[in-house]
Amino acid sequence: MTRLLDFAVALRQSRALLAREREPFSAFQQQRFDTLVEHARRRSPFYRDWDGAPLDKATMMEHFDAIVTDPRLRRDERYLGDYRVMTTSGSSGLKGLFVYDRAGWTGIMAQFLRYSATVGIEPRFPRRLRIGAVVSPTGTHMSRRCASAVDVGVHRVLGLAVTQPLREIVSRLNAFQPQSLNTFPTMALELAEEQRAGRLRIAPELISTSSELLTPEMADRIEETWCVRPYSLYATTEGLWGVDCEHHAGIHLFEDMVRVENVDEHGRAVPDGAPGAKLLVPNLFNFVQPLLRLEIADAVTIAAEPCACGRTLRRLESVAGRAHDVLELGDVRVQPLHFGVIARDRDVVEFQVVQTGPSSVRVLVVARGDVQARLRERCSNGCAGWA
Ligand SMILES: [Zn+2]
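Here the structure is a predicted model, which is why all the values come from computation and not from measurement. (Residues numbered from 1 in each chain as written. Predicted model: local features only at pLDDT ≥ 70, side-chain atom pairs only at ≥ 80, totals over all residues. Heavy atoms only, no water.)

1. Observations concerning the packing of aromatic side chains
The criterion, for reference: Two rings from Phe, Tyr or Trp (for Trp, the six-membered ring) form a pair when their centres sit within 6.5 Å of each other. Planes less than 30 degrees apart are called stacked, planes more than 60 degrees apart edge-to-face, and all others tilted. We call a residue buried when its accessible area falls under 20% of the maximum for its residue type, exposed when it is over 50%, and partly exposed in between, using a 1.4 Å probe and counting protein chains only. Helix and strand assignments come from DSSP, with helices taken as H or I runs of at least 4 residues and strands as E runs of at least 2, each series counted from the N terminus. Our definition puts a charge over a ring when NZ of Lys or CZ of Arg is within 6 Å of the ring centre and also within 35 degrees of the ring normal.
For the coordinates displayed, the defined rule picks out 5 aromatic pairs. Centre to centre, the rings of Tyr47 and Trp50 are 5.9 Å apart; their planes meet at 85°, and the pair counts as edge-to-face. Each member of the pair, Tyr47 as well as Trp50, is classed as buried. Ring geometry for Phe112 and Tyr115: centres 5.5 Å apart, planes at 70°, overall edge-to-face. On the criterion of helical spacing, the pair formed by Phe112 and Tyr115 is a turn pair, its members being 3 residues apart in helix 5 (residues 102-119). Three or more aromatic residues joined by ring pairs make a cluster, and in this case those are Phe46, Tyr47 and Trp50. The lysine or arginine in question, Arg20, covers the ring of Phe28, its NZ or CZ lying 4.1 Å from the ring centre. Across from the ring centre of Phe254, 4.2 Å away, lies the NZ or CZ of Arg114, which sits over that ring.

Here it is in structure tokens:
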């Protein structure tokens, strides 16, 4: 009952946000930000004398107990039943902890529903929409938690874990025949190859990917396979979400719910159109754990031009990947995107990059057939400086 009620509140909230996506939002955003700052100054010991300084994840974890506005809440103790706890995957070495109360979590659900509506996943009657979600097996992962939180019977949802054997995923999808497919870009590519080999036989009308970078090459391959251009969902545990529109010209950030500053590595603001080193965000609807100007280690460029769709929400023109994933090879900084020449090869199943010295890497590839000569040539052509 509670879940259904929360769903209804989130749905109403998402519809209100969708309705004003083409209106200016800065006054609304500023008002929410001021309310949050005032609340944090009053209720969070950490922010009592806040001077506007940014917050990184290590500091957030170190001062967790002083940041939260519920004095009963402790980083090391059992979490209170009335909160939802999310963790970041820890791939960057440090685990992040994010706590939401009911209202805060409804805000996250509203973002999920807003993404769903933008890509065309709407409730259908009398025959419910069949959604196939091949997502993270971990319960605290954002994609998993959202998929189950909104599974209140409006759609038919088949949830599979990316870690299941591929053969099993293929056979379950064949039996279910999803109309909407949601998964990670790398999994979408694997499924595309299964479809092309004739083992997977599905005809989704909608495809969306999340959690990893969807490169144009990956999107092309998916479109060639199913004649559907995939949408790319950007969803961070920190609270910043966004999705591309029907023009597929960059991800629109849901800035009316999270204020976004793009800054260089020294924390100085960069103008739209120029590449930044990280984002500073406060989630405007998390009042339990106010995080004012929290760092997200994504190096992005925000488009300077408005989108043809008329939405006022700014777009991510490019995402170079999480700053922690950047490799330093001598004087050269290598972004994960540079490995696109390997990732988009149709015969590459998976690959791993191992740094073997101050200026060398070894790339381990699992492939169908012999790809070595082809990849070697492409790497030396396309990625001069690091191959
Ligand atoms: Zn647009």
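From this point, the narrative continues.
2. Comments concerning the pairing of strand 3 (residues 130-135)
Two faces, one strand: in a regular strand the side chains alternate between the faces of the sheet. How we decide: Pairs of strands are assigned from DSSP output, requiring at least two bridges between the strands.
The buried fraction of strand 3 amounts to 5 of the 6 residues, a majority that puts the element mostly inside the structure. Judged from the 6 bridges that link them, strand 3 and strand 4 (residues 156-161) form a sheet pairing that is parallel. Bridged to Gly132 within strand 4 is Leu158.

3. Focus: the packing of helix 8 (residues 185-196) against helix 9 (residues 216-226)
Note the following rule: Axis definition: a line fit to C-alpha positions, over the contact stretch in the case of helices; interaxial angles, taken between N-to-C directions, run 0 to 180 degrees. In this scheme the handedness of a crossing depends on how the near helix is turned from the far one: anticlockwise by less than a right angle means left-handed, clockwise means right-handed. Residues count as neighbours in contact if any of their non-hydrogen atoms are within 4.5 Å of one another. Residue polarity is assigned by list, with Asp, Glu, Lys and Arg as charged and Ala, Val, Leu, Ile, Met, Phe, Trp, Tyr, Cys and Pro as nonpolar; anything else, Gly included, falls into the polar class.
Contact pair helix 8 / helix 9: the axes reach a minimum separation of 10 Å and the direction vectors enclose 35°. Crossing geometry of helix 8 relative to helix 9 is assigned as left-handed. Here helix 8 contributes Pro185, Thr186, Ala188, Leu189, Leu191, Ala192, Glu193, Gln195 and Arg196 to the contact with helix 9, which in turn contributes Met218, Arg221, Ile222, Glu224, Thr225 and Trp226. Here the contact of helix 8 with helix 9 is composed, by residue class, of 8 nonpolar, 3 polar and 4 charged.

4. As for the coordination of the zinc ion
Basically, it comes down to this: Only N, O and S atoms count as donors, using a 2.8 Å cut-off from the metal and 3.2 Å for Na, K and Ca, and because water is excluded some sites may appear unfinished. For four-coordinate sites, all angles between 85 and 135 degrees define a tetrahedron; for four- and six-coordinate sites, opposite donors beyond 155 degrees with the remaining angles between 65 and 115 define square planar and octahedral shapes respectively, and all other cases count as irregular.
Bound to the zinc ion are the protein donor atoms Cys245 (SG), His252 (NE2), Cys307 (SG) and Cys309 (SG), situated 2.1 to 2.3 Å from the metal. Classification of the site at the zinc ion rests on its 4 donor atoms, whose angles at the metal span 101 to 115°, yielding the label tetrahedral.

5. Brief notes about helix 5
Threshold: Expected span of a helix: the number of residues minus one, times 1.5 Å.
For helix 5, with 18 residues, the first-to-last C-alpha span of 26 Å sits near the 26 Å given by 1.5 Å per residue. Burial within helix 5 is extensive, with 15 of its 18 residues counted as buried. Gly120 lies just past helix 5 and shows a positive phi near 100°.

6. A few points about the pattern of salt bridges
A pair can form between side chains of opposite charge whenever their charged atoms are brought close. So the rule is basically this: Any Lys or Arg side-chain nitrogen found within 4 Å of a carboxyl oxygen on Asp or Glu counts as a salt bridge.
One pass over the full model with this rule turns up 19 salt bridges. Between Arg114 and Asp256 there is a salt bridge; the shortest N-O distance is 2.9 Å. Separated by 142 residues along the polypeptide, Arg114 in helix 5 and Asp256 in the loop between strand 9 (251-253) and strand 10 (261-263) bring together distant segments of the chain. Look at Asp256 and you get buried, because its relative accessible area is 2%. The shortest N-O distance in the salt bridge between Glu261 and Arg259 comes to 3.8 Å. On the basis of relative accessible area, Arg259 is assigned to the buried category, the value being 18%. In this structure, a network of salt bridges that share partners links the residues Glu21, Arg114, Glu246, Asp256 and Arg311.

7. Let's talk about the environment of Val258
Inspection of the secondary structure assignment puts Val258 in the loop between strand 9 and strand 10. For Val258, a relative accessible area of 0% gives the class buried. Taking C-alpha positions, Val258 is 5.9 Å from Leu240, a pair spaced 18 residues apart along the chain. If we skip the residues at most four places from it in the chain, Val258 touches Gln29, Gln111, Gly239, Leu240, Val281, Pro282, Asn283, Leu284 and Phe285.

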